[in-house]
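Listed here are the chains, written in short residue letters.
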Amino acid sequence: MTKISNTALVIGATGGIGGEVARVLSARGWDVRALHRDPAHAASSNPDLHWVQGDAMDRASVDRAAAGMAVIVHAVNPPGYRNWSGLVLPMLDNSLAAATRHGAHVVLPGTVYNFDPDAGEAVDESAAQHPKTRKGRIRVEMERRLERAAEQGAKALIVRAGDFYGPRSGNSWLAQGMVPTPGPVQRVFNPARAGVGHAWAYLPDLAETMVRLLERRDELAAFDRFHFGGTWVDDNRSFAEAIRQAAGRPDAPIYPFPWPVIHALAPFNETVREMREMIYLWRRPLRLIDAKLRQFLGDVPGTPLDEALRTTLAGLGRA
C-alpha cells in the first residue's frame with residue numbers, strides 16, 4: 001500500500017472500540033492520528049498514536065485533523081449516553097464533511113439498535129430497519145447519512161456488532177451490568193430472560209475485523225455494510241456461567257439483573273433511562289448473520305470465549 005492509503009484519523013481513540021481499532025492499525029504499520037480535546041492527557045492511553053488537539057463537535061478541528069488521511073474511524077460517543085440525541089448526529093456530520101472534502105473512507109462501528117423487537121431472531125445486512133426506540137431511529141439516521149455522503153464523494157463502511165466486551169471497555173454491559181462490583185468476581189448478574197440468546201462482540205476481534213476490511217477497501221462498494229457475528233450464546237445464562245468460570249469462581253451465584261430498580265431510577269437518571277430503552281434486546285434473541293463478512297474475508301477473527309473472558313476480566317480488574 002502507498003503511504004496515503006496507510007493513514008487513519010481515529011475519533012474516539014480513548015473509547016472501547018476506537019482504542020482497539022487504533023491499536024490494531026498501529027500494530028499493522030498504519031500512521032494513526034487521534035483527535036482529543038486534551039491530547040497530552042489522552043496520550044497516556046496509547047503513546048503510539050499521533051495525538052492532535054480538537055473536538056468532535058468542532059467541524060474545523062475535525063477537518064484539520066482529517067487532512068491527508070485516507071481513513072476516518074468515527075468511534076466517538078457521549079459518555080454514559082449523556083445528551084446522546086443532541087451530540088451524536090452533529091459529531092457524525094463533522095466527520096462526514098471532512099471525509100467528503102478530503103476523499104477519505106469513513107468507518108462507523110454499528111449496532112443492533114437499528115432493528116425492532118419484531119425484526120426476527122436472525123438478521124442480515126438487508127433486513128428491514130423499523131426501530132421503535134429513539135436510539136434505534138438515530139442509528140438508522142446515522143447510517144442514512146453515511147449512505148448520502150457516499151453519494152457525494154466520500155466512501156463509507158459500517159460494521160454492525162452486538163454488545164461490546166473487552167479488557168479496556170469499562171463502559172459495557174459486561175463491566176457495568178453483569179460484574180459491576182470492582183475487584184474479583186463475587187457474583188454475576190444476568191440481564192436476559194431465561195432461555196434468551198444474546199449477541200456479544202469481543203472488541204479485539206471486532207477491531208481486527210474492521211482493519212482487515214479497511215485494508216481491502218478498494219474492493220468494497222462506495223457504501224458498504226457488514227455484520228460481525230462475534231460471540232453468540234443461545235441462552236445468556238451460559239455467558240454468565242462462562243464469566244464465573246473465567247474468573248475462577250465456578251460457584252459464584254448468578255442473580256437476575258435488577259430491572260425493577262432500573263425502572264424506578266429511569267425518570268431521574270439519563271444513563272439508566274437509556275439502559276431501560278434497550279431492554280427488549282434482553283427479552284428476545286437478535287442474532288447478526290455474518291455470511292457476507294465470512295465470504296468476503298474468509299477467515300474472521302474469533303478468540304475462544306474462555307480466553308476472551310479471562311483477558312477481559314483481567315483488564316477490568318475483576319480477575
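The structure under discussion appears in the preceding block.
Residues numbered from 1 in each chain as written. Predicted model: local features only at pLDDT ≥ 70, side-chain atom pairs only at ≥ 80, totals over all residues. Heavy atoms only, no water.

1. Observations concerning the overall build of the protein chain
Working step 1: Counting secondary structure elements, the protein chain contains twelve helices and 14 strands.
Working step 2: Since a compact globule built from 319 residues should have a radius of gyration of about 20 Å, the 19 Å found for the protein chain is in line with a globular shape.
Working step 3: Dimensions along the principal axes, computed over C-alpha positions, put the protein chain at roughly 55 × 45 × 40 Å.
Working step 4: Counting contacts in the protein chain only where the partners sit at least 6 residues apart, residues at least 24 apart contribute 76% of the total.
Working step 5: Surface accessibility of the protein chain: about 13,600 Å² in total, with carbon and sulfur atoms responsible for 49%.
Working step 6: Across the protein chain, the 38 positively charged side chains and the 35 negatively charged ones have centroids separated by 4 Å. (Helix = DSSP H or I, 4+ residues; strand = E, 2+ residues; numbered from the N terminus. Rg over C-alpha atoms; globule rule 2.2 N^0.38 Å. Contact = heavy atoms within 4.5 Å. Areas by Shrake-Rupley, 256 points an atom, 1.4 Å probe, with all protein chains shown as cover. Lys, Arg positive; Asp, Glu negative; His and termini not counted. Charge placed at Lys NZ, Arg CZ, Asp CG, Glu CD.)

2. Some words on the environment of Ala 156
Working step 1: Examined against the element boundaries, Ala 156 turns out to sit in strand S7 (residues 155–160).
Working step 2: In this structure the C-alpha to C-alpha distance between Ala 156 and Trp 282, which are 126 residues apart in sequence, comes to 30 Å.

3. With respect to the environment of Met 278
Working step 1: Assignment of secondary structure puts Met 278 in the loop between helix H10 (270–277) and strand S14 (287–288).
Working step 2: Given a relative accessible area of 5%, Met 278 falls into the buried group.
Working step 3: Linking Met 278 and Leu 213, residues 65 residues apart in sequence, is a C-alpha distance of 29 Å. (Buried < 20%, exposed > 50% of the residue type's maximum accessible area, 1.4 Å probe, protein only.)

4. A few points about the sheet that holds strand S11 (residues 223–227)
Working step 1: Taken in spatial order, the seven strands of this open sheet run S3-S2-S1-S4-S5-S7-S11, and their pairing is parallel. The open sheet has two edge strands, strand S3 (50–53) and S11, and neither has a second partner. Within this sheet the neighbouring strands show an average axis-to-axis angle of 20°, counted without direction.
Working step 2: Looking at chain direction, strand S2 (residues 31–36) and S3 are connected through four bridges and run parallel. Note on S3: the bridge partner recorded for Arg 33 is His 50. (Pairing = 2+ DSSP bridges. Axes fitted to C-alpha atoms, helices over the stretch in contact; angles between N-to-C directions.)

5. Description of the nonpolar core
Working step 1: Among the nonpolar cores identified, the biggest contains 37 residues, and Leu 25 and Leu 206 are the most heavily contacted of them.
Working step 2: Among the elements of the structure, strand S1 (7–11), helix H1 (16–27), S2, strand S4 (71–74), S7, helix H7 (203–214) and helix H11 (291–297) are those that each provide at least two residues to this core.
Working step 3: Here this core gets seven residues from one element, more than from any other, and that element is H7.
Working step 4: Other than its neighbours up to four places away in sequence, Leu 25 contacts Ala 8, Val 10, Trp 30, Val 32, Val 73 and Val 211. (Core = buried A, V, L, I, M, F, W, Y, C linked by side-chain atoms within 4.5 Å.)

6. Quick word on the packing of aromatic side chains
Working step 1: A full pass over the atoms with the stated rule returns eleven aromatic pairs.
Working step 2: An angle of 40° between the planes, with centres 5.3 Å apart, marks the rings of Tyr 165 and Tyr 202 as tilted. Here Tyr 202 lies in strand S10 (residues 198–202) and Tyr 165 lies in strand S8 (residues 163–165), a separation of 37 residues in the sequence. In this pair, the class of Tyr 165 matches that of Tyr 202, namely buried.
Working step 3: Positioned over the ring face of Phe 296 is Arg 216, at 4.2 Å from the centre of the ring. (Phe/Tyr/Trp six-rings, centres within 6.5 Å; stacked < 30°, edge-to-face > 60°. Lys NZ or Arg CZ within 6 Å of the ring centre and 35° of its normal.)

7. Focus: the sheet that holds S10
Working step 1: Read across the open sheet, the three strands follow the order S8-S10-S12; overall the sheet is mixed. Edge positions in the open sheet fall to S8 and strand S12 (231–233), since each of these has one partner strand only. Shown here is a sheet whose adjacent strand axes are inclined to one another by a mean of 30°, direction ignored.
Working step 2: Sheet topology places S8 next to S10; three bridges connect them, and they run parallel. Its bridge partner being in S10, Phe 164 is matched across the sheet by Ala 201.
Working step 3: In this fold helix H8 (residues 236–246) packs onto S8, S10 and S12, with an angle of close to 115° to the strand it touches most, S12.
Working step 4: Sheet strands touched by helix H12 (residues 305–315): S8, S10 and S12. Its angle to S8, the strand with the most contacts, is close to 65°.

8. Quick notes on the pairing of strand S5 (residues 105–110)
Working step 1: Across the six residues of S5, six count as buried, placing the element largely inside the fold.
Working step 2: Taking every second residue as pointing to the same face, both faces of S5 are buried, with His 105, Val 107 and Pro 109 on one and Val 106, Leu 108 and Gly 110 on the other.
Working step 3: As judged from the three bridges shared by S4 and S5, these two strands associate in the parallel manner. Note that in S5 the partner of Val 71 across the bridge is His 105.
Working step 4: The pairing of S5 with S7 spans six bridges and is classified as parallel. Across the sheet, residue Gly 110 finds its bridge partner in S7, namely Arg 160.

9. What to know about empty space enclosed by the protein
Working step 1: What the rule picks out here adds up to two cavities of 30 Å³ or more.
Working step 2: Forming the boundary of the largest cavity are ten residues, of which Tyr 113, Asp 163, Trp 173, Met 278 and Trp 282 lie nearest the centre.
Working step 3: Per-class residue counts for the lining of the largest cavity are seven nonpolar, one polar and two charged.
Working step 4: In this structure, the second largest cavity encloses a volume near 50 Å³.
Working step 5: Residues belonging to the lining of the second largest cavity are distributed by class as follows: five nonpolar, two polar and one charged. (1 Å grid on protein atoms, 1.4 Å probe; cavity = no way out; pocket = protein on both sides within 12 Å on 5 of 7 lines; lining within 4 Å. Points joined across faces, edges and corners; volume = space filled by probe spheres on them. Nonpolar A, V, L, I, M, F, W, Y, C, P; charged D, E, K, R; others polar.)

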